[in-house]
Each structure stands twice: as structure tokens, then as C-alpha cells.
Amino acid sequence: MRKAGWLSGVMAALVMGAAIVFSPLAHADEFDALASGHFEDMAGAIATLAASGNPQAVPVLHALEEHQLFASSQGGLFIRQGENYVDARTGQPVSATPPDLHPMRLNNRVRKALAGAQAEMELVAPQRDVRLKAATALYGRHDPALLPAIDHALSVEKDSGVRVKLEEARAATILGQAPVEGAQSQRLEAVHTLAGVGGLEARGILASVAAASVEAPDVRKAASEGVSAIDWHLRMWSVFQNAFYGLSYGSVLLLAATGLAITFGVMGVINMAHGEMMMIGAYTTWMVQQGIRATAPMLEPVSILLAIPVAFLVCGTIGVVIERGLIRFLYGRPLETLLATWGLSLILQQAVRSIFGPTNLAVETPLWLSGSFALGGMDITLNRLAIFIFAGLVLGGLMLVLRRTPLGLQMRAVTQNRRMAALMGIRTPRVDALAFGLGAGLAGLAGVAVSQIDNVSPNLGQSYIIDSFMVVVFGGVGNLWGTLAAAMALGMGGKILEPTIGAVSAKIAILVLVILYIQRHPRGMFPVRGRGVES
Amino acid sequence: MPVTLPNLSRRAFGRLALASSVAAVGAAWSSERSYAAAPKGEPIKVGILHSLSGTMAISETTLKDVMLMLIAEQNRKGGLLGRPLEAVVVDPASNWPLFAEKARQLLSVDKVSAVFGCWTSVSRKSVLPVFEELNGILFYPVQYEAQECSRNIFYTGAAPNQQAIPAVDYLLSEDGGGAKRFALVGTDYVYPRTTNQILVNYLKSKGIADEDIMVNYTPFGQSDWQTIVSQIKAFGSAGKKTAVVSTINGDANVPFYKELGNQGISSTDIPVMAFSVGEEELAGMDTKPLVGQLAAWNYFESIDTPANEAFIKQWHEFTKNPKRTTNDPMEAHYIGFNMWVQAVTKAGTTDHDKVIDAMIGIRQPNLTGGVAEMLPDHHLTKPVYIGEIQDDGQFSVVWKTPALVPGQAWSPWVPETKDLIGDWSQPIACGNYNTVTKTCIGKKHA
Amino acid sequence: MNLLSKPGARSFPGAVRMAAVVVVVAIVLAGASMLPESNPLHVSAFVVSLAGKYLAYAMLALSVDLVWGFAGILTLGHAAFFALGGYAMGMYLMREIGARGVYGNPNLPDFMIFLSWKSLPWYWWGTDHFAWAMLLVLVIPAALAGVFGWLAFRSRVSGVYLSIITQALTYALMLGFFQNGLGFGGNNGLTDFKDILGADLHTPTTRAVLLVVTGVMLALALLISRFVVGGRFGNLLVAVRDAESRTRFLGYRPDQVKLLVWVFSAMIAAVGGALYVTQVGIINPGEFAPANSIESVIWVAVGGRGTLAGAVLGAVLVNLGKTLFTAWLPEFWLYGLGLLFLVTTLFLPNGLMGLWRPMKKAAPEEVTPEVSDTQGDEA
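Here the structure is a predicted model, which means the values were calculated and not measured. (Residues numbered from 1 in each chain as written. Chains lettered and ligands numbered in written order. Predicted model: local features only at pLDDT ≥ 70, side-chain atom pairs only at ≥ 80, totals over all residues. Heavy atoms only, no water.)

**Q** Is there a simple way to explain helix H5 (residues 130-154) of chain C in this structure?
**A** Side chains of residues three or four places apart in an α-helix project in the same direction, reflecting 3.6 residues per turn. Compared with the 36 Å implied by 1.5 Å per residue over 25 residues, the 35 Å span of H5(C) between its first and last C-alpha is a close match. Of the surrounding secondary structure, the elements contacted by the buried residues of H5(C) are helix H21 (503-520) of chain A together with helix H3 (79-97), helix H6 (159-178) and helix H10 (254-280) of chain C. (Helix = DSSP H or I, 4+ residues; strand = E, 2+ residues; numbered from the N terminus. Expected span 1.5 Å × (residues − 1). Contact = heavy atoms within 4.5 Å.)

As C-alpha cells, this is what we get:
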């Protein structure tokens, strides 16, 4: 629906946004324009409505955002409130539901206009944090049409924190305008403000100022200096940012590998169905979420926390069953367990496919795990941070279990010398079953974490199994510290290489490095020494 | 009678004690092979060649189901040429050589009249020689990179000019945000490579400079997008309106969108236009952070037409699941199957050569309005829609092409193929005909 | 299979018989496929190409059996050599297409034009000559196996560690070959072959000949393998498998023994891969998938580890089952394959050959206390 050329001039005027909006289809008023359903006209109408001071502006825009605004085929505009409708123009309830209503649709252009209009209206809100949020939002908009509103807000604003944000928003907005005669000093000042703010957004604005030929030379110079200062700053922070990416990737690897470190490292069982245990953990998370939604919706935000013990128990139980039903017949034949568990993994995958269907399931991320916060020049995403912490807790907990509980003691004894342990009265079959269950349960925990960042599909396990084995082998079988070190090394290594050589090559390089490393150190980074270590 | 393996096996199967694979297995199996009793006579066999296990099962299983539904529906309507249709389902297990083997089995052992199948380009490339050798008919329902035109394949999905180019036109337009800078992000395989090559040439013709185009490829199943998303973010901070065109495939989409949401990239800052994300993919995602992100398809479940409504209703009844979504490749199979039915009816036979010739010019109404026509290059005319993701997991259509777009087998935006056309109607009868030199590069059909 | 107790008496009659059976079956099938279609004994092209595929897989199984059954190296990456051989053959077949590709370019394969390559990469040099390509089939996998094996066996990487890094090797190769920049057609790989040595690949005659060639190569591989594992060297191999440290203390060099059999087995796999490509018509990075290697191990386990004939039998039977069940139980065959893995490992430690010729004792496993005890003093 690209309009004819003559429209672009009109649209420019629209964007340059004086209070009067030229509507190409000449609507009677802004409500009419809204009801037209033409995105272009709607965006214009939203700006007009916000600036008009019309008392209906707030409810109408709010309804639009919430998909509660409806238009009738006669051009009427209605807000739905529960079962009833009110006329958007007057705010009066309508007696009968108007015929053939259709909901007003949004597109990005309208959404953007809406966000701007709402921020504009909220600039003078009584609550400080609402104003602060609005001012911060306007900074990212740098829409010249909003300049009068910002100036007005600045003239009445008392709070220094909000004032800083407003000044920044004003600087960004000024630079978003085309330069006009005599505004040079104002622009220069704005450039300096933005250079001080830093960050990608400011860099973007300054870069376009520096590149604009219509700009005054000293403004351009200041802008390009600002860009390089910000770039330097960003480069410095990008080292930390990369380190964070590496650590968070490493903690995913760590979570995936700890369970394997138990079954493989401690028991010498090569569990190729380990990935499928993770998958079951992720599916359990989904089921817990669905169950809670159906029974206790108020607990939904914490469903992920409730899924943690459930997934551990479900996978742990399955693990014990697998050990009793399959693995115990294969002790002393590690390579046979590899084949048998591979077969098991095929069956589990297909079973999940038959029960839940082959498609991805949507595990929702609760609000408190979404988004990110800025730490200096870094962006810390909350879900990654949570996984990082979770991995630390899991590892710490596992260490405690191994060192401070009778089970841990027995497991270590069995690892070090199975026959001797049996002679000392340890029931090794029971320890085996529990250890395998523990390993599977840990995989279930990894599944809970992975459900927050990856697909929940029958193929989930397959994508982690090779990496997990690499971590355990690289770190040294039977050594949890080795697993930790290996996971972090592989995570960091991958993320250091990725920006320069690309994701694929980074992965290949890491694999080759690990292969070469194993050739030099056949037992990994932290080999367990002593008798009775199985090869 | 010629010795053929499956005939032996059918008997052997009964004897095999593997029947311990429970009655449920047998029941499910026989229900799939059953057909309505109404039409009599030797059944016409239809092959379904979609992966039911392995990595592609996630997308292809649905297409097998929709084919079973369409065939059952046709049988209810009295079959075809007065004979019942019988579905022959095989599982190529996401394994490309197995696709070729199964294709040969369907054509030479089961002697199917047509095959509906494949999803990935490599699976199509793998079966193509088999279909050409045995003169079979394949309906390929997925949007793809084109640059291919076989007499034995009917491409019912979109060619790049029916998806990628209109999508970029939208992003360039004022409504789409007037993007001036493009990050082309894709999985490293042929479809993204070709599509991006076409798009780069197209964007340059629209005055986008080299430094305003970023191209990035990732491996299949990429799950850690932190670095790439932060690169996109940095790329988008050059002061020009930026858009992402995503040819990311399958499973890698979920972690990609999650990372986008978490790093705070919203559709109003940097819109992402995807070519491989449909309703089925959205069903596996939490769509709240994705609202406003874009996808270009020829069909959306949300498009409100009587035909689409009936189709969705039928689908829900068939799958006994009122939440199962419909998507673009399903519509492609719907169109392809109905066209094949028409062509067989018109030819009065299932003879492959006669059906292939009868196919060209067949018209079948789309589910979303307009009429699809089978063109001489075995592609369809299609409407192109741009949809924005909504928080209910559906798309809301924000733009559509004013008219139907005819598919192009060869892209005019790739220097090597700008003079090529495909035309399987006489007198050209050639898949790669050079309009300048007036010669057929490949094999002309007599 | 306590073979060490009877040194020198280790002949593999099964291998010779299997070699004969393979050749006869190949010739009979090939001959029957040449009969007119009306003839009741006619065999369809589908069966011929399937048989060819199974026999190529059998070569892979044989190569896995050599290293796993006789040298105790559980490889989870042997499909890498198979695929490399396939790629070398694929390069030749690609060049044979010549100007008959969709773009009509006599020098560049279609996929390169597709991705705007201007000239052939250097490693494609000479691949239009059959002899050179066949040399590559043998040399490239052998060289890779040689370097990898030399590094691994020299530093005594063994057991599970070795299994995991062989898996990493094939995984890394898979990722590499997926990259379009490498010049092997990326995900699509090499396909749409037209002919071999001037003979059209899609004619019944060429198919029949290829089947016979595959049968003969497999038989040859069986016979050579029998020669290798049957004599003194074979005893040494089994000694290395069952008690590597003791063998070393006796003055042998287990690393060299392993390296030899490792490289030899890689070459058998590669030849299998090359023949495989001619008959299935496509080679792509999916062949490097770790799952393929693991599956080839299960063929050997099903047939009977440490018996050359068993590897062939296992490969053919499992693949036959796969062909049948993917057609007859498309949604459930994976359960069957999984169960096969379980049942074989639990109840058939000696595979089908074990059923057929019951062993006196269960096969000794590579992990014995002697081996374990020596690990402590390794640096």
C-alpha cells in the first residue's frame, strides 16, 4: 500500500508534526481518523488527540492499546468495558451494542505513535516514577513533534532526577530535528549532553548528526568526537559484556553437564539418554505451568520455582527406574550402556512425540525473569542471570550432598573402590540407583533452566548431549571442579571467538581444541588419580 | 508378478512376532490406511513423504495430517474418477538419502499417482533425480529459494518474489517504518543464502548502501543468540531506521526471539521480518514480548474468509483438537491437492504425463481470497500478506499486495539467472529457457 | 569369544562364506534386474539400489567391527570417514555433470554459481579425473584417520575418552561441511549426479554394475580383513583389546597396532561411502551426524561384534528392517529401533552370530581390573 509520491510531502509535514495534522483522506476529526483503520491516519490522529487535551484522549488511547477499541461500519468508535460499550467521543454508555463492530488493529507505526502520545501525556503526571518513566521513554523516541511537550514539562518539573532525564530527552529530540538557522549553540549543547549520556542510543543519534552535511561543522566535529568517545567506552564494556555472555553460556553447559558428571564421572555409566532427561525436565516445567494455570492462577508467576522440585523428583524417579530396569545389568560394560541408553533415548523421544506432539511447547517466562538491566555499559538479561545463579546453587548443593551427607560419602566410597566399599557394608546397588537418580534429577533441573531460553521439543536433548559430554571429558571424569572449569572454559572460549570468526567456526574451533587437548591430557583438565578408576 | 520387497514384507510382517508392538500400534496404522467405503474400485494411491521423526518432524507431521484430512474429505465426496483415494504414508525420518529411497519406493513399488512431500530444500534436491527418472509428480508445499524448475515438481509454496521481496518493500515503506538499514540474519543453508543474495541485490537497487546491509549466518539449531543479538543492537544504533530480515530456520527461532525480548529490542525499535515463522512456530513460543514482530506469508490463519473458516473447522474436527493451528504450507497442500484432483478429473486419468500437462492453467480458489493459478513454470499466483504477531499467538494482517503475485522460478535479481524462465507448456517445454539466446539449457520435454 | 586361548587357530570361516554369499547375491540381483519387467523373476530398480545401499553400509559396519570388535576401540565417529569418501566421489560425479547443470556452466557445479563463486577452489583440482578422485577417496580419510589416530593412540587416549572425541571429530566435520563457505554445497551437499565414467547413473545396467562392484568390494574387504585379523597381527590386536598394558609390557607397541587397523578401517569405510554415493545419489553433511556413527555401531552389535560376517549381517538386517518399518509403521518404527538397541545389549551380547554359533563364554570386556590398575601411574 505504498502511496503515490505526492503523499510523501504530506507525510513529512505530519511527522514534523505541528499541532495541525493534514490528513490525506480529510477526516472530520481525529476520532474519525482513528476509526478509518488507515494506519497512517491513525498515527496522526493519536498525536493530535494526545496534544488536544481532550478528556477522552486517555481512555481512548488506553483502550486502543488494550485491544478494547472498536469501530462500527458507520464510522462510530466505541470502547468496550466488559460486556458494555461506551461511545469513544463522548464517554457516554450506549444502550444497545452497535452492529458489525470490528476491533481496531495496530501496527508498529501506530504502536509507536501510541507510546509517544502516552509518554507525552504522562510527562505531567502527579507521580514521580510515572514521570520518570515517561521522560526515559521519550529519550528513546527522539520525535521532534514532542519538543513543545518536553519544554513544557521542563518548565514545571521540580524533581532533579526527572529533570536530568528530560534534559537528555530534549537533547535527543533537538538533534532529531533538521538543523535550523541560529540554533547552532543549542545543538552543540545537545551533542555534549548526549556524549555525556553515552550508550548505543546516543551513539546512533550522534552518528547521524556527524554524517549530516547540512549540519554546522563544529557541531559535526563535536558529534564525531562524541561518537568515538562512546565507541571507546562501548569497546571497553564489550569485554565485560562478552565475559557475561561466556559465563551465562558456560552455566547452561554446566547445568547440562553436572548430572552427567555424576552418572558418567562417579558411576562410569555413559548415559546417552541424559539429554532426554533434560527434555523431560523441560516438559515437566510446562506441565506444572499448565497445571497451575488451571488450578491456582495466582501462583503463575512462581510456577517456574515450583517446577524445580517437581522436575527433580520426576526425572530422579525415572532415573532410578532406568537404573533398576536396565543399567544394573550392564555394569562393567560401559560401552554397552552407551548403546542401550542410546536406544532408550530414541524411545523416550518418540514417546514424548506421541504424547505431546512433535511441535514446540510454549513455556512462558514470568515477568520477573524477562528483560534486562544496565550495569555500567553492560546489559544483563535477567533470565541469563537467573540461570547463572541457579547453576551456582545447583553445583553448591551437589557439593554439599556429596560431602556432607551419608549418601555422598557412600557414593564417593563406591567411586573410589567399589569392592572395598561393598566389603565395608555399603549397599552398592542402592547407592548406584540413588546416584543414577541424582544424575537424572540434575538433568531435570537443567531442563527447567533450558525451558527458559530454548525450545521445548522432543529434540531438545539431542542438542545438548554432545556438548555435555565434551564438558565432562574435558574437565576430567569424576571431578566436579573440573566440570565447572570445563563448562566455563568452553563457554568463555566460544563467546570470545564468536564475534571475530562467527558462531559456526567458533564451535568448530572449540571442538578441535578440545580434541587436541584430550590428546595431550587424556584424562582431561583435572584427572582423578588413584586405583580403581575405570577407563 | 515382479518380486518387490514390500509385498514380501507384508506377509512377513504378519508373521513377525513384533506384533507385540501392541494392538494400539496396529490400530493407528490401519486407521491411517483406511478410507471411506463409498467409492468402489482399485484405489488411487497418493504418497505422503513427510518426516515423522527426527529434527524435521516438528514441522512436517502436521502436513502429513492435513493430507490425510484432505484425502478423507475427497473420499467422502466420492473419491476421484469414481475410485477411492488411498494414502501411502512413509517416514523418511529427516534423513535426506532416506527421502530418495522412500521416493523411489512410493513411485516404483507403491506406484502412487502423486506424492505430496518434503520440507527442506535438501530433501527436495535429494528426491528430484528420482522423480525425474521415474517421471513422478511431487507437490512441494514450502516457501523456498526457487532457482529450480523441474517438470515433475509443482512448487505450491512461495518463491522469493512472492515472499521476500514484498516483505522488504513493506519494510522500506512508511507504514513498515521506512527502514534504511538492514540486518539479514539466517541459518547457514541454501534458502537463506539465496534469499539474502536476492535481497542484497534488490536493496542495492533501492539505494541502500553496502555498509547499511549486514549479513550473518548461524548453524542449524543455534541456541545461544546473545552475541548476535547484541551485534544487531549495535548495528541498529547507527542513527538510521533499522530492520532485521530473518531467514532463521525452525528450532533456532525460539531462543532468538527470547533473546531479542530480553535484550529489550521491541518491534517499534527494530522490527524483525521473518520468513520461516508461522502459526505453528508461534504455538511453541511465549508471544507477549514479540507483539508487533512481522512475518510474510501467503496465508494466515487469522484471515477472515468463509473458506478459511471452514478449513479451520474441518482441521479442528479432524485432529480432535480445537487448538491446532493452521499455517501457510498447509494451505499450499490444500491448493496443490485440489489442483491435482482437478487435473486428474480433467485428464480423465492418473497417467503422470497427462496430469502434468493438465496441471498448467488449473485454477483453485485460495483460502484467503483470490484464485491460485498453476503457471507454466509450475509455480502459483499468490497473494502476499504481512502479519504482525499478536499476543494470542496469531498474526494480524497489516498489509497485502494489491494483486496476486505470479511466482518466478528464476530470480531476476541474480545475475546468472536474470534471463532465465521456466515454461513447461509447448512449444518451449523447458525448465531453464534463456529468453535472450532463445535456447533451452537443460532438457526440453518432447 | 575367548580367542586368545587358541592362538593361531583363529580362522573366520564365516567371513569367507559371507564374502561368497555377498558376491552371489549381488550378481543374482543385478542379473535379475536386467530381465524384462514382464519376467516373473524381474527385480525392480528400487530393490537393486536398496541392495547396493545395504552393501555400502555393510562396508561401514565391517570397518567399525575391525576397530571395535578386534582392537577394542569403540568409535562413535566412523561415519566421518564414510562421508569423506562419499564427498570425494561426489566431487567427481559433480564434475561429470559438466555443462548439463541448470546453469549450463561447464566448469562450476550448480551450487557454486548459485552462491556466486567465480572459480573452483583449489581442492577441487583434478576431481574431474576418475583416478584422482578415487585416490582422494582413499587418501583423505586415511590421512585424517592417520593424524587423529597417531595423536590419540600415542598419548594413550582410550575407552570412553576416545569414543567421545571421535564423536566430537565427526560433529566438528558436520558443522564444517554445513558451511556454504567451504565449497561443498553446504546443507544441500552434492547431488543431481548424471553419470559415472560416461555411463548414465539412472539406467538399469549402470545400477546393476554398481551393485556388483559394491558386492565385490565388500567381499574383498571381508577377505583382506580376515587376512589381517586372522594371523599373528590379529592375535596382537586381540591382545591389545583385552590387556593393553600387558601387551605393552611384553614389548609390543599397542599404539602402532591400533593406528594400523584404525587407518585400514577408515579406508574401508571410505570406499563404502564412495560406492554409497553413486547409488543413493546424494552426499550431504547429514552423513557426518553422530547418530549415524552410533547406528553403525549397533549394526555391528546386532550382527555380532568381533565376527566379520556378523557386521555384514547386522548392517543388512537392521537397514532392511528400517526400510520396511519406515514404510509400514511410519510413526512407530523408532520404538522398534530403540528396543533393538536395548534387546541386543541386554540379551544378545554376541549378536546374531552368537545365537547362530553359541559361544562358550561371554565376550571379555575391555575394562578389566588389570587395565584399570595400570592407570594410576600414567602421567
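**Q** Just checking my understanding: could you explain unusual backbone geometry for this structure?
**A** Residue and element names in this part refer to chain B. The omega torsion of the bond from Gln 426 to Pro 427 falls at 10°, within 30 degrees of zero and hence cis. With respect to the element layout, Pro 427 can be found in the loop between strand S17 (420-423) and strand S18 (430-434). The phi torsion at Lys 438 lies on the positive side, around 55°, for a residue other than glycine. Relative to the assigned elements, Lys 438 resides in the loop between S18 and strand S19 (439-440).

**Q** How do you make sense of the sheet that holds strand S3 (residues 84-87) of chain A when you look at a structure like this?
**A** Pairing between the strands of a sheet comes from backbone hydrogen bonds, and it takes one of two forms, parallel or antiparallel. Residues and elements named next belong to chain A. Read from one edge to the other, the open sheet built from four strands follows the order S3-S2-S1-S4, with strand pairing classed as antiparallel. Every other strand in the sheet has two partners, leaving S3 and strand S4 (101-103) as the edge strands with one partner each. Along the sheet, successive strands turn relative to each other by an average axial angle of 40°, direction set aside. Here strand S2 (residues 77-81) runs beside S3; their pairing, made up of four bridges, is antiparallel. Residue pairing across strands places Phe 78 opposite Asp 87, the latter belonging to S3. (Pairing = 2+ DSSP bridges. Axes fitted to C-alpha atoms, helices over the stretch in contact; angles between N-to-C directions.)

**Q** Would you mind going over the nonpolar core with me for this structure?
**A** Side chains of nonpolar character tend, in soluble globular proteins, to be buried together. Counting 304 residues, the largest nonpolar core has Phe264(A), Leu49(B), Phe337(B), Trp340(B), Trp68(C), Leu190(C) and Phe288(C) as its most contacted members. Sorting elements by how many residues they give to this core places helix H2 (residues 45-70) of chain C first, with 19 residues. Among residues more than four places away in sequence, those in contact with Phe337(B) are Met67(B), Leu70(B), Ile71(B), Gln74(B), Leu85(B) and Phe116(B). Among the nonpolar cores identified, the runner-up in size contains 57 residues, and Leu77(A), Val110(A), Leu171(B) and Trp399(B) belong to it. (Core = buried A, V, L, I, M, F, W, Y, C linked by side-chain atoms within 4.5 Å. Buried < 20%, exposed > 50% of the residue type's maximum accessible area, 1.4 Å probe, protein only.)

**Q** When you look at the packing of aromatic side chains in this model, what are you seeing that I'm missing?
**A** Describing an aromatic ring pair means giving the distance of the ring centres and the angle of the ring planes. As enumerated under the stated definition, the model contains 41 aromatic pairs over all chains in all. Measuring from centroid to centroid gives 4.7 Å for Phe116(B) and Phe139(B), while their planes differ by 10°, and the two rings are stacked. Residue Phe116(B) is found in strand S3 (residues 114-117), and its partner Phe139(B) is found in strand S4 (residues 138-140); the two are separated by 23 residues along the sequence. Looking at Phe139(B), the relative accessible area reads 0%, which means it is buried. With a centroid separation of 5.1 Å and 45° between ring planes, the pair formed by Tyr57(C) and Tyr276(C) is classed as tilted. In this pair, Tyr57(C) sits in helix H2 while Tyr276(C) sits in helix H10, placing the two residues 219 residues apart along the sequence. In this structure, Tyr57(C) and Tyr276(C) share a single accessibility class: buried. (Phe/Tyr/Trp six-rings, centres within 6.5 Å; stacked < 30°, edge-to-face > 60°.)

**Q** What am I meant to see in the interface of chain B and chain A here?
**A** Much of the literature gives interface size as the accessible area that the parts lose upon coming together. Counting from both sides, the interface comprises 58 residues of chain B and, opposite them, 53 residues of chain A. Surface buried jointly by chain B and chain A totals about 4300 Å² across both partners, of which 45% is contributed by carbon and sulfur atoms. Ranking the residues of chain B by area buried against chain A places Asp175(B), Gln226(B) and Asn262(B) at the top, with a combined share of 14%. The salt bridge involving Asp224(B) is made with Lys495(A); its shortest N-O contact spans 2.7 Å. Counting across the chain B and chain A interface gives 21 residue pairs in polar contact (both at pLDDT 80 or more). Broken down by secondary-structure element, the contributors of at least two residues to the side of chain B that touches chain A are helix H3 (57-76), helix H6 (164-172), helix H8 (226-235), helix H9 (253-262) and strand S15 (395-400) of chain B. The biggest single contributor to the side of chain B that touches chain A is H8(B), with seven residues. In terms of residue class, the side of chain B that touches chain A is built from 20 nonpolar, 23 polar and 15 charged. (Buried area = accessible area lost by both parts, 1.4 Å probe. Salt bridge = Lys/Arg side-chain N within 4 Å of Asp/Glu carboxyl O. Polar contact = N/O pair within 3.5 Å; in protein donor to acceptor, adjacent residues only side chain to side chain. Nonpolar A, V, L, I, M, F, W, Y, C, P; charged D, E, K, R; others polar.)

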